[in-house]
Amino acid sequence: MPEEPSEPVSSAPVLRGGELVRRHRLSTRLWHWTNLAAITIMLMSGLMIFNAHPRLYWGKFGANPDHAWLEVTNAGGRGQLRLAGHVFDTTGLIGVATDANGAVQAQAFPGWMTIPSTYSLADARLWHLAFAWVLAFALLAYLLWSLVNGHVRRDLHITRAEWSPRHILADVVDHVRLRFPTGAAALRYNVLQKLAYCGVLFGLIPLAILTGLTMSPGFNAVAPFLLDLFGGRQSARSLHFLAALGLVLFVTVHLAMVVLAGPFNEVRSMITGWYRLPRERSGKVREETAHG
Amino acid sequence: MAEPLSRRRLLALGSAGAGGLLLSGCDRLNGSPAFRSLLESAEDAHRGSQRLLGGGMLAPEFTTDDLSPNFRANGSRTASDNAEWASHAANGFSQWRLRVDGLVLRPLELSLESLKAMRQRTQITRHDCVEGWSAIGQWSGTQLSAVLRAAGLLPAARYLVFHCADRFGGAAPYYESIDLLDAFHPQTILAHAMNGAPLGIAHGAPLRLRVERQLGYKQAKFVTRIEARSTLAGLYGGKGGFWEDRADYAWYAGI
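Residues numbered from 1 in each chain as written. Chains lettered and ligands numbered in written order. Predicted model: local features only at pLDDT ≥ 70, side-chain atom pairs only at ≥ 80, totals over all residues.

## Focus on the overall build of chain B
Along the backbone of chain B there are seven helices and 10 strands. For a compact globule of 255 residues, the expected C-alpha radius of gyration is about 18 Å, and chain B comes in at 23 Å, more than 25% above that figure. Across its three principal axes, chain B shows a C-alpha extent of roughly 90 × 45 × 40 Å. Sorting the 255 residues of chain B into buried and exposed places 41% on the buried side. Nonlocal contacts in chain B, meaning residues at least 24 apart in sequence, comprise 68% of its contacts between residues at least 6 apart. (Helix = DSSP H or I, 4+ residues; strand = E, 2+ residues; numbered from the N terminus. Rg over C-alpha atoms; globule rule 2.2 N^0.38 Å. Buried ≥ 20, exposed ≤ 12 C-beta atoms within 10 Å, placed from the backbone. Contact = placed C-beta atoms within 7 Å.)

## Considering the interface of chain B and chain A
Counting residues at the interface gives 42 residues for chain B, matched by 35 residues for chain A. Counting residues per element, the ones that place at least two in the side of chain B that touches chain A are helix H1 (3–31), helix H2 (33–54), strand E3 (120–128) and strand E4 (134–143) of chain B. Looking at side-chain class alone, the side of chain B that touches chain A contains 21 nonpolar, 10 polar and 11 charged residues. (Nonpolar A, V, L, I, M, F, W, Y, C, P; charged D, E, K, R; others polar.)

## A short note on the sheet that holds strand E4 (residues 80–83) of chain A
Residue and element names in this part refer to chain A. What the four strands build is an open sheet, ordered E2-E3-E4-E5; its pairing is antiparallel. Of all the strands in the sheet, the pair left with one neighbour each is strand E2 (55–56) and strand E5 (86–89). Relative to strand E3 (residues 70–73), E2 runs antiparallel, the two sharing two bridges. Paired with Arg-55 across the strands is Glu-71, a residue of E3. (Pairing = 2+ DSSP bridges.)

## As for the domain arrangement of chain B
Examined at the domain level, chain B breaks down into domain 1 (3–49) and domain 2 (59–247). For domain 1 of chain B and domain 2 of chain B, the distance between their C-alpha centres works out to 40 Å. (Domains from an automatic or database assignment.)

## Some details on the sheet that holds strand E10 (residues 223–229) of chain B
All names here are of chain B. A sheet is described by the order of its strands in space; here five strands give the open sequence E2-E1-E10-E5-E6, paired in mixed fashion. Of all the strands in the sheet, the pair left with one neighbour each is strand E2 (108–110) and strand E6 (173–179). Here the strands of the sheet are splayed against their neighbours by 20 degrees on average, with no regard to which way each runs. Strand direction decides the pairing type here: strand E1 (residues 98–102) and E2, joined by three bridges, are antiparallel. Each residue of the ladder has a partner; that of Leu-98, found in E2, is Leu-110. (Axes fitted to C-alpha atoms, helices over the stretch in contact; angles between N-to-C directions.)

## As for unusual backbone geometry
Residue Ile-115 of chain A is joined to Pro-116 of chain A through a cis peptide bond whose omega torsion reads -15 degrees. Residue position: Pro-116 of chain A is located in the loop between strand E7 (104–105) and helix H3 (121–148). In this structure, the amide linkage connecting Ala-205 of chain B to the following residue, Pro-206 of chain B, adopts the cis form with an omega of 0 degrees. In this structure, Pro-206 of chain B sits in the loop between strand E8 (197–198) and strand E9 (208–210). In this structure, Ala-84 of chain A is a non-glycine residue whose phi angle is positive, near 45 degrees. Within the element layout of this structure, Ala-84 of chain A appears in the loop between E4 and E5.

## Considering the packing of helix H7 (residues 191–214) of chain A against helix H10 (residues 233–261) of chain A
Residue and element names in this part refer to chain A. The geometry of H7 relative to H10 is characterised by a closest axis approach of 8 Å and an angle of 150 degrees between their N-to-C directions. The angle between H7 and H10 places the two elements in the roughly antiparallel class. Regarding H7 and H10, the two cross each other, and that crossing is left-handed. Of the residues in H10, those in contact with Ala-196, Val-200, Leu-204, Leu-207, Ala-208, Thr-211, Gly-212 and Thr-214 of H7 are Arg-233, Ala-236, Leu-239, His-240, Ala-243, Ala-244, Gly-246, Leu-247 and Phe-250. (Parallel < 35°, antiparallel > 145°, perpendicular 65-115°, else oblique. Left-handed = near helix turned anticlockwise from the far one by under 90°.)

## So, the environment of Tyr-275 of chain A
All names here are of chain A. Structurally, Tyr-275 is set in strand E8 (residues 274–276). The exposure class assigned to Tyr-275 is buried, which follows from the 22 C-beta atoms found within 10 Å. For the pair Tyr-275 and Glu-19, spaced 256 residues apart in sequence, the C-alpha to C-alpha distance is 8.2 Å.

## Description of the pairing of E10 of chain B
Residues and elements named next belong to chain B. Across the seven residues that make up E10, a large majority, five, are buried. Pairing geometry for strand E5 (residues 159–167) and E10, over six bridges, is antiparallel. Residue pairing for E10: Cys-164 is matched across the bridge by Val-223.

## Considering the domain arrangement of chain A
Taken domain by domain, chain A consists of domain 1 (8–25 + 149–276) and domain 2 (60–106). Each of domain 1 of chain A and domain 2 of chain A has a C-alpha centre, and the two are 32 Å apart.

## Some words on the nonpolar core
Among the nonpolar cores identified, the biggest contains 48 residues, and Leu-160, Phe-162, Cys-164, Leu-190 and Val-223 of chain B are the most heavily contacted of them. Of all the elements in the fold, those that place two or more residues in this core are E1, helix H4 (112–116), helix H5 (144–151), E5, E6, strand E7 (189–194), E10 and helix H7 (242–247) of chain B. Sequence-distant contacts of Phe-162 of chain B, that is, excluding residues within four places in its chain, are made with Tyr-175, Glu-176, Ser-177, Leu-209, Ala-220, Val-223 and Ile-226 of chain B. Ranked by size, the runner-up nonpolar core spans 39 residues in total, among them Met-42, Met-44, Ala-138 and Met-215 of chain A. (Core = buried A, V, L, I, M, F, W, Y, C linked by C-beta atoms within 7 Å.)

Structure below.
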């Protein structure tokens, strides 16, 4: 694996739009698809676990007699999401939905979102707690290997120049105008990409893993400081749900960007490693990154 | 170039395939005994890793400021359809006895008074339901280790089974089981008091198990008999507990 693709920086000046280049290392490709499977299973089985008690609390304890900051109810055939004092009618999607056979399902998240598709807390836990090992150890292995092979330093590290508000603003404007980098510049992650990927790798997934561990009474005995860190088991459960929501938002934007940037080329590069550099727009060759 | 077409077809095929695979594939895998046993092997990993890292470590304890104002009672709220338990309840459990038998040197019949004369522990701990909610309560009771030392476990004993007076939802009798590591853990107690008062009916009077590093369904209520066994096979559904037999919950409930 160390001989795997391309150091974008050193090879950048000679590459032109239209060329087929090696873009993603084998370790990145392996982790990407393993993680996609793990996150999908964790999310869908997690929604079924949520269905067993569709209420979220802050603090050390929280049960039906206590105040919930988020609650899904299904009284009188209407699905309702109650969030911080506001009530939203979510019939058809959350709380009450109709399944593929036309039968009414009165549960927080509908069967098409959950593993398994019909109510089973035990089976959802079976999936969730088994694939938690896949999620955690795949991330651990990938992060360690990415430190060793320089992926973090070369591709993900956000430089001081990139942190400047002007640079970030310029990148936001480029994204809004859908002006994607061309030629060799397309091999480098722009600062919004770096923020998103670092946010997932070092933020959301570790947060989901640690808050998940904090919900385990056995692990509380091993590492009670996690309870203090997150403000108690029920706070950890709420943060676990919010981390999952954050991952859903990331995936939504990620997929939209893949589609906008050219799904065939993007997906091919994540499967085979090969990526065709987008052609320069006005025939001008831009040698450094798109944002200079 | 035919790329736009192939791209579109690829996407359509991909998303339709992924959606279909997810919906039907996961349910099919869920029903496959081989796949389930693969998933279930994670339970051994949970138990093994938590025992390796945690050993005899204590569950976090809380202060009276942390107590749930209203501790939700769950599972059976009474065992009144059990005539023997009901008559004991009518007499304030004065004639009630806890039986300790199975693989022990000295089978015991213990009144509440004699249980209270053994080594006691009071702890404020968090009760975590498998569904996701938590409640914090104060429990006082007899350390299980003291009862087991009085009875004297035989070398073949590996599990303690807690037989209960209640039948949840009128089904089979409730029971639970733990291994020796949890049985001799200092926080594993037979609680006869909760929040400073005698254990209420809804919470499993006169005696419930507290095994603090595991989920709520392990905290057997209305305990009437403790049986030391070498195996869980051959007892009810063979999986070591009411919910384990009935709904396939994990026997090791530390996670």
